[in-house]
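Each chain is listed here by its residues.
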Amino acid sequence: MAGLSCGIVGLPNVGKSTLFNALTSNQAAAVANYPFCTIDPNVGIVEVVDTRLDMLSELSKSKKIIYATTEFVDIAGLVEGASKGEGLGNAFLSHIQKTDAIVHVVRCFDGGDVIHVKGRVNPIEDIEIINLELILADLGICENSLSRIEKQAKLKKELQPNVDLLIKVREHLNKSLPLRLLPLTHEEEIVFVLYPFLTRKKVLYAANVSENDLPAMENEYVAQVRAFAQKEGNFVVPICAKLEEEIAQLQPSERKEFLEGLGLKESGLQRLVKESFKMLGLITYITTGEIETRAWTIHAGMLAPEAAGKIHTDIQKGFIRAEVITFDDFIRYKGRVGAKEAGKARAEGKEYIVQDGDVIQFLHSG
């Protein structure tokens, strides 16, 4: 099960398919159908390569390494007019609703053989076209929910806060603004999660540049996207989809050298994954031993028993304590035994907040 799921959207000819194909031909990626509705989009499952696991695995002499994973879902049918039935129409709705975040691929390069669907390059206009489709889709969800809830609220007064919130949502959407820009009270937030709105999701803009922009991956279009994203509180990752496609054809052992030759430290895909984690406040803790070294994805701020539940619910129920060693100490003292002898293994209880990179062993009953 992936720790994170991102829906990839973008207008035709912006590099979305190139990026997704690179992602799914990557050796770490498996392509599968997404069983959400009759029009099944493709899913690429990508490993979040983390060198910390390799180092721990070596010390523990683990038989295998299991990295955290991210699902990338190819959202087909999201084109101008999709909310009115163009392309695949509203088929995209159920696909995006199931994802944690949206990766919006935006064209940030001129020329080339690829003709832009609008005959020009304007990343902000592209973003606004997709945003409008999602806003219109949300407006449809809002209107349908409101007409239903208003009737129910006549008999059930406790539903009035739902009606008030949906009216507030409708007014906001009618200004062509995404819901992530709508301030909500704590009480409204609780009601809000009942509705599968799309424009509340965080967006990571993948600014697709040409190979001429390597290694800096900066140009005037990327700067425009950054300024737009900043206003929304969203993230931007410049990426060269064409380059990602080339990297995907290489053996894993050849990729590092190829990237270094271009003046790059890591692939755009890995940067995309890392930024997605950061954007959604996700971290990983690690378990290590002879059988396996494994990363577990959790939300930042999660307490030890809940984190233990990611391994198995029985461990959460029978939680006694967690033996925690920081990654740095585990490496410095060459394993669990050395860290214990140096007094660097801590016994933590139910109130402990798990930190990124904690190497944990859980003690539990049953």
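Residues numbered from 1 in each chain as written. Predicted model: local features only at pLDDT ≥ 70, side-chain atom pairs only at ≥ 80, totals over all residues. Heavy atoms only, no water.

1. A short note on unusual backbone geometry
Quick reminder of the rule: Secondary structure elements are taken from DSSP: a helix is a run of H or I of four residues or more, a strand is a run of E of two residues or more, and numbering for both begins at the N terminus.
With an omega of -5 degrees, the peptide bond running from Leu214 to Pro215 counts as cis. Here Pro215 shows up in the loop between strand E7 (203-208) and helix H7 (220-232). Of note in the backbone geometry, Asn13 takes a positive phi value of approximately 65 degrees without being a glycine. The residue Asn13 is located in the loop between strand E1 (4-9) and helix H1 (16-25) in this model. One non-glycine residue, Lys334, adopts positive backbone phi at about 55 degrees. Examined against the element boundaries, Lys334 turns out to sit in the loop between helix H13 (327-332) and helix H14 (336-341).

2. Some details on the environment of His104
For clarity, the cut-off: Contact criterion: two residues are considered in contact whenever any of their non-hydrogen atoms come within 4.5 Å of each other.
Its location among the elements puts His104 in strand E6 (residues 101-107). Each C-alpha atom of the pair His104 and Ala207 lies 8.3 Å from the other, and the pair is 103 residues apart in sequence. Once residues within four sequence positions are removed from consideration, His104 is found in contact with Val9, Gly10, Asp126, Ile127, Ile130, Val203, Leu204, Tyr205 and Ala206.

3. Digging into the pairing of strand E9 (residues 282-288)
Keep this limit in mind: Burial classes: relative accessible area under 20% of the type maximum marks a residue as buried, over 50% as exposed, and values in between as partly exposed (1.4 Å probe, protein chains only). When DSSP finds two or more bridges between two strands, those strands count as paired.
Of all seven residues making up E9, seven are buried, and the element is well covered by its neighbours. The pairing of E9 with strand E10 (residues 292-299) spans seven bridges and is classified as antiparallel. The residue of E10 that forms the bridge with Ile286 is Ala295. Hairpin connection from E9 to E10: three residues lie between these consecutive antiparallel strands.

4. Notes on the side chain of Asp74
Cut-off, in case you're wondering: Within 3.5 Å is the distance limit for a polar contact, defined as a pair of N or O atoms, with the added protein rule that one can donate a hydrogen and the other accept it, and that residues adjacent in sequence qualify only through two side-chain atoms.
With respect to the secondary-structure elements, Asp74 resides in strand E5 (residues 68-74). When its relative accessible area of 18% is taken as the criterion, Asp74 is described as buried. Of the polar contacts made by the side chain of Asp74, one reaches the side chain of Lys16; its length is 2.8 Å.

5. Side note on the packing of aromatic side chains
Aromatic ring pairs: the centre-centre distance and the angle between the two ring planes describe each pair. Selection rule: Centres within 6.5 Å are what make two rings of Phe, Tyr or Trp a pair, Trp counting through its six-membered ring; a difference in plane orientation under 30 degrees is then read as stacked, over 60 as edge-to-face, and the rest as tilted. Lysine NZ or arginine CZ positioned within 6 Å of the ring centre and within 35 degrees of the ring normal marks a charge as sitting over the ring.
The full count for this structure, using the stated rule, is six aromatic pairs. Between Tyr195 and Phe197, the aromatic rings sit 6.0 Å apart at their centres with planes inclined by 35 degrees, giving tilted as the arrangement. Comparing Tyr195 with Phe197 shows no difference in burial state: the two are buried. Taken together, the ring pairs in this structure connect Tyr285, Trp296, Phe319 and Phe362 into an aromatic cluster. Directly above the aromatic system of Phe192 lies the positively charged group of Arg200, at a separation of 5.1 Å from the ring centroid.

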